[in-house]
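Fold and geometry: a report
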Amino acid sequence: MKIKKTERIAAIVKMLLDNPNNIYTLGYFSDTFHTAKSTLSEDIVVVKNIFEKLKLGKILTIAGAAGGIKYIPYLSKDKALTFLEELCRQIELPERQLVGDFLYLIDLIYDPVYTRKIGEVFASVLDYSRTDYVVTIETKGIPMAHMTAAAMNIPLLIIRKNIKVSEGPTVSINYLSGTSGSIQSMSLSRKSIKPNSKVILIDDVMRRGGTLKGMEELMKEFNARVVAKGVFMEVNPGEDKEIKDHTSLIHMIQKDGQRTIRVNEDLFVHL
């Protein structure tokens, strides 16, 4: 079956978007489309150029006999800033105010349109080139961590607050929750992570950093190394925190009964 050039390009784009950070060789495309490699090289140049022109992400060419191309999800500084500023405007709406200085965010962090872009922002600002897992804790951080893992194309691990029998033997630790101020427990199945793995921690809201600190301590029980920590929203950055070297997307500053929501401008130093 003869496939037209426009049809091949559409199919190539679909494959790349569905499988980010996965290498496709020219041989694979040649067998799939029954087309010469020289012709496919021209198709790939078209795809790469349009992605660069419209800032849709990066198309990386890998040289060598086993080389090929892969798609890397990436938001430019302008696109990331525009998206996060829109999120800040949504978060600042008066009707989101709850008792106890809490905010209603469920509709945002459970919306796949928002969480997909949050994942792409994390994939743009965090180095995951040698990472084995994305790790989060249930429950509100799961959607954005899942989209982050999807953008990075690496497995997601979910730390449980309650032990599940179906997960087999687990490792559990106690930690001080910065949100509730109480001692809580977290656990992870012994079978879920390989020793000496490298992981990225993702959480939704950080106040003192107790939860992330607990997650970091739990990873030590598996001899896993935390290479990055991503937080969707950090409350009062600059105050003493339980952790350091984390990356937050949005800052919430609470002072004298006033609240300000703004984008973390330090995000874009390397974009």
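Everything in this summary refers to the structure shown in the same document.

Cut-offs used in this document
- Residues numbered from 1 in each chain as written.
- Predicted model: local features only at pLDDT ≥ 70, side-chain atom pairs only at ≥ 80, totals over all residues.
- Heavy atoms only, no water.
- Helix = DSSP H or I, 4+ residues; strand = E, 2+ residues; numbered from the N terminus.
- 1 Å grid on protein atoms, 1.4 Å probe; cavity = no way out; pocket = protein on both sides within 12 Å on 5 of 7 lines; lining within 4 Å.
- Points joined across faces, edges and corners; volume = space filled by probe spheres on them.
- Nonpolar A, V, L, I, M, F, W, Y, C, P; charged D, E, K, R; others polar.
- Salt bridge = Lys/Arg side-chain N within 4 Å of Asp/Glu carboxyl O.
- Buried < 20%, exposed > 50% of the residue type's maximum accessible area, 1.4 Å probe, protein only.
- Pairing = 2+ DSSP bridges.
- Right-handed = clockwise from strand over helix to strand, strands pointing away.
- Axes fitted to C-alpha atoms, helices over the stretch in contact; angles between N-to-C directions.
- Contact = heavy atoms within 4.5 Å.
- Expected span 1.5 Å × (residues − 1).
- Parallel < 35°, antiparallel > 145°, perpendicular 65-115°, else oblique.
- Left-handed = near helix turned anticlockwise from the far one by under 90°.

**Digging into unusual backbone geometry**
Cis peptide bonds are those with omega within 30 degrees of zero, and the linkage from E138 to T139 qualifies with 5 degrees. Examined against the element boundaries, T139 turns out to sit in the loop between strand 3 (133-137) and helix 7 (142-152). Positive phi is not limited to glycine here, since K55 has a value of about 55 degrees. Following the sequence through the fold, K55 ends up in the loop between helix 3 (37-54) and strand 1 (58-62).

**Quick word on the layout of surface pockets**
There is about 350 Å³ of room inside the second largest pocket. What lines the second largest pocket is a set of 18 residues, among which L17, Y71, P73, R116 and E120 lie closest to the centre. Secondary-structure elements contributing two or more residues to the lining of the second largest pocket are helix 1 (5-18), helix 4 (77-91), helix 6 (112-125) and helix 7. Partitioned by chemical class, the residues of the lining of the second largest pocket number twelve nonpolar, no polar and six charged.

**Observations regarding the pattern of salt bridges**
For the structure shown, the criterion picks out nine salt bridges. For the salt bridge of E86 with R89, the shortest nitrogen-to-oxygen distance reads 3.2 Å. Of this pair, E86 and R89 both sit in helix 4, three residues apart, which is roughly one turn of the helix. Since its relative accessible area comes to 47%, R89 is described here as partly exposed.

**What to know about the pairing of strand 4 (residues 156-159)**
Going residue by residue along strand 4, you find L157 and I159 tucked away on one face and L156 and I158 left uncovered on the opposite face. In terms of strand pairing, strand 3 meets strand 4 through four bridges, oriented parallel. Following the sheet pairing, I137 is matched in strand 4 by I159. Once you follow strand 3 into helix 7 and on to strand 4, the crossover reads as right-handed.

**Concerning the sheet that holds strand 9 (residues 247-255)**
Pairing between sheet strands relies on hydrogen bonds along the backbone, with the strands arranged either parallel or antiparallel. What the six strands build is an open sheet, ordered 4-3-7-8-9-10; its pairing is mixed. Taken across any chain shown, the strands that pair with only one partner, and hence form the sheet edges, are strand 4 and strand 10 (258-263). Neighbour-to-neighbour, the strand axes of this sheet turn through a mean angle of 25 degrees, independent of strand direction. Direction of pairing for strand 9 relative to strand 10: antiparallel, over a ladder of six bridges. Pairing of M252 across the sheet is with I261, part of strand 10. Where helix 6 meets the sheet, its contacts fall on strand 7 (198-206), strand 8 (225-235) and strand 9, and the angle it forms with strand 9 comes to roughly 110 degrees.

**Observations concerning helix 3**
Here helix 3 spans 26 Å end to end across 18 residues, near enough to the 26 Å set by a 1.5 Å rise per residue. Summarising the contacts, the buried residues of helix 3 are in contact with helix 1, helix 2 (26-33), strand 1 and strand 2 (68-72). Residue K55 follows helix 3 closely and has a positive phi angle near 55 degrees.

**Description of the packing of helix 1 against helix 3**
The N-to-C vectors of helix 1 and helix 3 enclose an angle of 60 degrees; their axes lie 10 Å apart at closest approach. Comparing their axes, helix 3 and helix 1 come out oblique. Seen along the crossing, helix 1 lies across helix 3 with a hand that is right-handed. Here K5, R8, I9, I12, V13, L16 and L17 of helix 1 lie close against helix 3, whose contacting residues are T39, L40, E42, D43, V46, V47 and F51. Tallied by class, residues from the contact of helix 1 with helix 3 come to nine nonpolar, one polar and four charged.

**Some words on the packing of helix 1 against helix 2**
The contact between helix 1 and helix 2 brings their axes to 12 Å, and the two run at 130 degrees. The orientation of helix 1 with respect to helix 2, classified from their angle, is oblique. Seen along the crossing, helix 1 lies across helix 2 with a hand that is right-handed. Contacts between helix 1 and helix 2 involve R8, A11, I12 and M15 from the first element and Y28, F29, T32 and F33 from the second.

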